[in-house]
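# Structural features, examined
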Amino acid sequence: MSVRLVITDAMWARIEPLMSADPVRGRRWADHRRNLEAIAWKYRTCSPWRDLPAELGPFQTAHKRLIRWAVDGTWKRILTAVLAAADADDEVGWTVSVDSTVCRAHQHAAGARKKGAADRSEPDDHALGRSRGGLSTRVHLASDSRARPLALHVTAGQAGDAPAFEAIMAGIRVPRTSLGRPTTRPQTLLAEGAYSSRAIRRHLRRRGIRAVIPQAADQIGHRLRRGRAGGRPPTFDAEAYKQRNAVERCINRIKQWRGPAMRTDKLAIAFQAALHLAAVLIWTRR
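Residues numbered from 1 in each chain as written. Predicted model: local features only at pLDDT ≥ 70, side-chain atom pairs only at ≥ 80, totals over all residues. Heavy atoms only, no water.

### Considerations on the packing of helix H2 (residues 32–45) against helix H3 (residues 59–71)
Threshold: Fitted lines through C-alpha atoms serve as axes, helices being fitted only where they are in contact, and the angles separating the N-to-C directions of these axes extend from 0 to 180 degrees. The helix and strand labels rest on DSSP assignments: H or I over at least four residues marks a helix, E over at least two residues marks a strand, and numbering proceeds from the N terminus. Small angles under 35 degrees read as roughly parallel and large ones over 145 as roughly antiparallel, with 65 to 115 read as roughly perpendicular and the rest as oblique. Residues are treated as being in contact if the distance between any of their heavy atoms lies within 4.5 Å. Classes in brief: Ala, Val, Leu, Ile, Met, Phe, Trp, Tyr, Cys and Pro nonpolar; Asp, Glu, Lys and Arg charged; the others, Gly included, polar.
At a minimum axis separation of 9 Å, H2 and H3 run at an interaxial angle of 90 degrees. Considered as vectors, H2 and H3 are oriented roughly perpendicular to each other. Each of His32, Asn35, Ala38, Ile39 and Tyr43 in H2 lies in contact with H3, whose residues at this interface are Thr61, Ala62, Arg65, Leu66 and Trp69. A breakdown of the residues in the contact of H2 with H3 according to their chemical character gives six nonpolar, three polar and one charged.

Okay, structure coming up:
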């Protein structure tokens with residue numbers, strides 16, 4: 001092939017057992033590996049679907065596979081299985097960092113029907129927000145201590161960080177390959193001042209998760225103005241907070257793919273499926 005491929009034989013050995021099996025009746029699946037390469041090529045280069053190289057098969061097949069597996073949750077299931085295998089090998093760093101990044105949306109991302117989406121998992125606004133800079137989507141994510149994504153969530157670009165915090169925490173769910181409940185609670189959670197609200201700290205305290213979050217400047221001022229009634233400042237480990245660069249590096253690794261860096265998808269579920277595929281390839285590249 002003249003096309004540069006990204007899925008090595010070692011990576012495919014990890015991914016292949018997770019692919020959907022051929023149905024007992026009816027038409028068999030097209031080549032899974034070629035379709036994954038086709039989808040990866042599209043989002044690495046941020047090219048139109050119709051420009052897909054002929055070596056990677058018809059663009060209709062790859063696009064239908066992306067949407068179909070986004071609707072039925074296959075992409076998320078594959079990522080969960082990859083995380084479970086990594087956790088079984090003790091390769092997940094459970095000092096978790098949370099942050100978000102804004103992805104500029106291309107003009108082609110607009111135009112989808114606002115109401116009556118074909119699938120309930122598709123938000124009515126398609127996770128597109130308007131601001132002075134134009135259309136954008138915000139990607140909220142949690143990263144392990146080795147700069148690899150554990151959970152991903154998309155909202156409109158103008159949405160804040162704190163309202164999506166519980167959705168991100170709910171997305172951290174790594175099953176065990178042996179008996180036992182899935183791992184859902186990191187040992188320590190690192191986040192910037194945007195997450196320094198009483199509700200978030202209370203949520204973490206209730207679940208027994210150590211919070212390393214600096215207090216925002218306005219909150220410090222409010223507390224000091226109240227005097228004794230303001231209470232004590234929350235504990236903050238400045239040395240542990242230095243590890244928060246892991247989530248910044250994780251965002252950089254995802255945005256090396258031009259598709260996630262600049263959204264062209266009309267549907268939020270398609271954009272999130274591309275993020276899940278990027279996360280799967282990041283984890284299997286270990």
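Moving on from the coordinates now.
### Section: the packing of aromatic side chains
Think of a pair of aromatic rings as described by two things: how far the centres are apart, and how the planes are tilted against each other in angle. Filter applied, for reference: In this scheme Phe, Tyr and Trp rings, the latter by its six-membered ring, pair at centre separations within 6.5 Å, and the angle between planes marks the pair as stacked below 30 degrees, edge-to-face above 60, and tilted otherwise. Burial status follows relative accessibility: with a 1.4 Å probe on protein chains alone, a residue under 20% of its type maximum counts as buried, one over 50% as exposed, and anything between as partly exposed. We count a charge as sitting over a ring when the NZ of a lysine or the CZ of an arginine lies within 6 Å of the ring centre and within 35 degrees of the ring normal.
In total, this model carries five aromatic pairs according to the counting rule given. The interplanar angle of 85 degrees and the centroid separation of 6.2 Å between the aromatic rings of tyrosine 43 and tryptophan 49 together place this pair among those described as edge-to-face. Each member of the pair, tyrosine 43 as well as tryptophan 49, is classed as buried. Through a chain of ring-to-ring contacts, the aromatic side chains of Trp29, Trp69 and Trp75 assemble into a single cluster. In this arrangement the basic side chain of lysine 42 is found over the ring face of tyrosine 43, its NZ or CZ atom lying 5.2 Å from the centre. Here the basic side chain of arginine 65 rests over the ring of tryptophan 69, its NZ or CZ set 5.2 Å away from the ring centre.

### Focus: the pattern of salt bridges
What counts, and what does not: Salt bridges are defined as contacts in which a side-chain nitrogen from Lys or Arg sits within 4 Å of a carboxyl oxygen from Asp or Glu.
Evaluation of the coordinates by the stated rule reveals seven salt bridges. In this structure, arginine 244 and aspartate 99 form a salt bridge, with 3.1 Å as the shortest nitrogen-oxygen distance. Taken together, the positions of arginine 244 in the loop between helix H8 (238–241) and helix H9 (245–255) and aspartate 99 in strand E1 (residues 95–105) put the pair 145 residues apart, joining distant regions of the chain. An identical accessibility class is assigned to arginine 244 and aspartate 99; each is buried. Measuring nitrogen to oxygen at the nearest pair gives 3.1 Å for the salt bridge that ties arginine 244 to glutamate 248. Here the salt bridges do not stand alone but share partners, grouping Asp99, Arg244 and Glu248 into one network.

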